[in-house]
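# Breakdown of the fold
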Protein chains: 2
Amino acid sequence: MKIVMDTTGGDKSPRANVEGALLARKKHPELSVIFTGDEETIRRILRENGAEEEGIEIVHAPGVITGGDKPTDAIRLKKDSSMIRAIRILREDPEVAALISTGATGALVAAATLRIGRLRGVRRPAFCPLLPTMQGGIVGVCDSGANMDILPGQLREFAAMGSAYLETVYGVENPRVALLNVGVESEKGDDLHKEGYRLLAGAPGINFVGNMESRDLLSGKYDLVVSDGFSGNVLIKATEGTALELLKKVKKDIYSRKKYMFGALFMKKMFLEEKEFMNYQNYGGSVLLGADKTVVKGHGSSDAAAVAVCVEQAWKMEKGGMNQKIEKTLAAIEEADRIGNEEKEKEKEHV
Amino acid sequence: MKIVMDTTGGDKSPRANVEGALLARKKHPELSVIFTGDEETIRRILRENGAEEEGIEIVHAPGVITGGDKPTDAIRLKKDSSMIRAIRILREDPEVAALISTGATGALVAAATLRIGRLRGVRRPAFCPLLPTMQGGIVGVCDSGANMDILPGQLREFAAMGSAYLETVYGVENPRVALLNVGVESEKGDDLHKEGYRLLAGAPGINFVGNMESRDLLSGKYDLVVSDGFSGNVLIKATEGTALELLKKVKKDIYSRKKYMFGALFMKKMFLEEKEFMNYQNYGGSVLLGADKTVVKGHGSSDAAAVAVCVEQAWKMEKGGMNQKIEKTLAAIEEADRIGNEEKEKEKEHV
């Protein structure tokens, strides 16, 4: 398997990206990597790590796209940037199966959507980051920000994509899929979510368990939450943000009294574990599902270990045949729609 | 001032509602109360509290609307329920300035929207609950669930209503208003939020500071977050839910090791304070803004003290002339729109 690694755009780039790929190669020696970025720097980091040159290529593309660049402008004007070159390689090189980037999310989504083909039955790719649950498991949120204005049918695509992802990469059998809504009753929400509920409830191959409220994201009752990209984004950022703010507050409060500081001495390890528990980097990158080649977006602050996890995700998606599963489910849904429509037509004729 | 108190529908109803009103009357002896609900039970609770009869009326309406009732059906079919009678009294009695309820939210919003008039310039009433910030202040979220499908112009109404509320009831001067979005840049989000941003940025009387991300809700950087009711609901429930789940997890983890249990002995008070900090009941009821009479929705689990806080909110809204402030701001916005449109017309003629 061959991947392309964009080495720019993260807080710890390019070192974390290069060393992360090398870590992944230790586990999977048959993995080949093309690095895009500043050739000289990449070569230096490789030398420092005593990396062999076999199975490694470098494409010199030193430009960096930042979060401040307008995505469509970035694609048009920064063709020599590391990210856009990586996208081009992913598109043009039939041997390259996946792209890993820790760079600007907006540009990556736009470039992947415009330049990489989509799976059969998928209108638009969607992000699916993971969070931990209180039961010790994980929960995915699809879409979490790639698609702002969506149609109800896309919620069904997100369900098919996220389910295949959880099954293939994490071994979750028959993932329990819930629709993010303002209440659990079936008739809740705006028009999008009412119609989305109806479509999900009748979709073959989707284990739809109903609506869920944002407060239950971490409860462990669901494996996958489907959502439009806007409210999915609000959901994950509110969840992560609250956890981090609260842990910061606890830390500050501990230092407010000697008695608390003394007690905390015995609980240091526990607090570190709580912090690690909510550290989303531990749950891998946010995969972009629905493109016909794999794209994994690592967090901007990823270190080498986090980048290696992103490579591992891409590896499992590819080796586990995830995209074929997605296309199979979507074909079954399409077929069910067709039969449903025919029956409706017949009924009309009958009347 | 006279209020109507719906005494059904909360977990601690009717006792909490009756005793809450009595608590409020201790602070404001000139407050008159009409109770709706089961007359005999209300009378018994009043007797037990040794309450004087002056300034207190009871309207016998024992029916209860639950969260399971479809709101529109509840209004049509449960006319003798305590909540719907309370709404009728609010509408028909010119002396009654406010309604307090701890009952079903959906039915309350629907009944208030359909039966109570709206302020000039307000299309639909909206909820504005409060949360604590890490700086020791509060932040409001408007709308948090009364309106699912909205127009961009309604975001401006939410801003005017929430600002007047924070100023009048909590003394927040010139509240900093942010738009809930998926990023801080001005061009972020779906069509609704892009247009909403443009309208908010030019609105007179609104201290608009830009887009905000859900992770920053508790940061103390904003006084008011405006949002469509769907994502506002996702925001507050995710924030409250995460905080509660995390505190539950910490509690469970403490009991997992003797060492932690020992340390926690010294920190008991701190953990109780963290729990109280995130207990939304401490921040009053969720007020419904934009109706021409005040409606305060207390949390379903409100005790007497929480109900008394709801009455206090209604008191301050009424005595502080909040609704007049809202109408003034909305009139200024309308005037600015008119001038803007005239200028556009003139430019067209000029070309």
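About the criteria used
- Residues numbered from 1 in each chain as written.
- Chains lettered and ligands numbered in written order.
- Predicted model: local features only at pLDDT ≥ 70, side-chain atom pairs only at ≥ 80, totals over all residues.
- Pairing = 2+ DSSP bridges.
- Helix = DSSP H or I, 4+ residues; strand = E, 2+ residues; numbered from the N terminus.
- Right-handed = clockwise from strand over helix to strand, strands pointing away.
- Contact = placed C-beta atoms within 7 Å.
- Nonpolar A, V, L, I, M, F, W, Y, C, P; charged D, E, K, R; others polar.
- Domains from an automatic or database assignment.
- Axes fitted to C-alpha atoms, helices over the stretch in contact; angles between N-to-C directions.
- Parallel < 35°, antiparallel > 145°, perpendicular 65-115°, else oblique.
- Left-handed = near helix turned anticlockwise from the far one by under 90°.

Attention now moves to the pairing of strand β3 (residues 56-60) of chain B. Residues and elements named next belong to chain B. Where strand β2 (residues 32-37) lies against β3, five bridges are found, and the strand directions are parallel. Across the sheet, residue Ile34 finds its bridge partner in β3, namely Glu57. Note on the crossover from β2 through helix α2 (residues 39-48) to β3: the handedness is right-handed.

Right, let's talk about the interface of chain A and chain B for a bit. You'll often see interface size given as the accessible area lost when the parts meet. On the chain B side, the residues contacting the 42 residues of chain A number 42 residues. At 17 residues, helix α8 (residues 229-254) of chain A tops the list of elements feeding residues into the side of chain A that touches chain B. The residue makeup of the side of chain A that touches chain B, split by class, is 20 nonpolar, nine polar and 13 charged.

Residues and elements named next belong to chain B. With respect to the secondary-structure elements, Ile138 resides in strand β7 (residues 138-142). For the pair Ile138 and Asp223, spaced 85 residues apart in sequence, the C-alpha separation works out to 6.7 Å. For Ile138, the residues in contact, after removing those within four places along its chain, are Leu130, Leu131, Pro132, Thr133, Tyr170 and Tyr283.

A few words now on the domain arrangement of chain A. Residues and elements named next belong to chain A. When cut into domains, chain A gives domain 1 (1-117 + 291-320) and domain 2 (129-283). Taking the mean C-alpha position of each, domain 1 and domain 2 sit 27 Å from one another. Counting residues at the interface gives eight residues for domain 1 and five residues for domain 2. Residue contributions to the side of domain 1 that touches domain 2 peak at four residues, all from helix α11 (residues 304-319).

All names here are of chain B. Helix α5 (residues 105-115) packs onto helix α4 (residues 82-92) with a crossing angle of 30° between their chain directions and a minimal axis gap of 10 Å. Between α4 and α5, the angle falls in the class roughly parallel. When you trace α4 past α5, the crossing you get is right-handed. Across the interface between the two elements, Met83, Ile84, Ile87 and Arg91 from α4 touch Ala107, Leu108, Ala111, Ala112 and Arg115 from α5. Grouping the amino acids of the contact of α4 with α5 by side-chain chemistry returns seven nonpolar, no polar and two charged.

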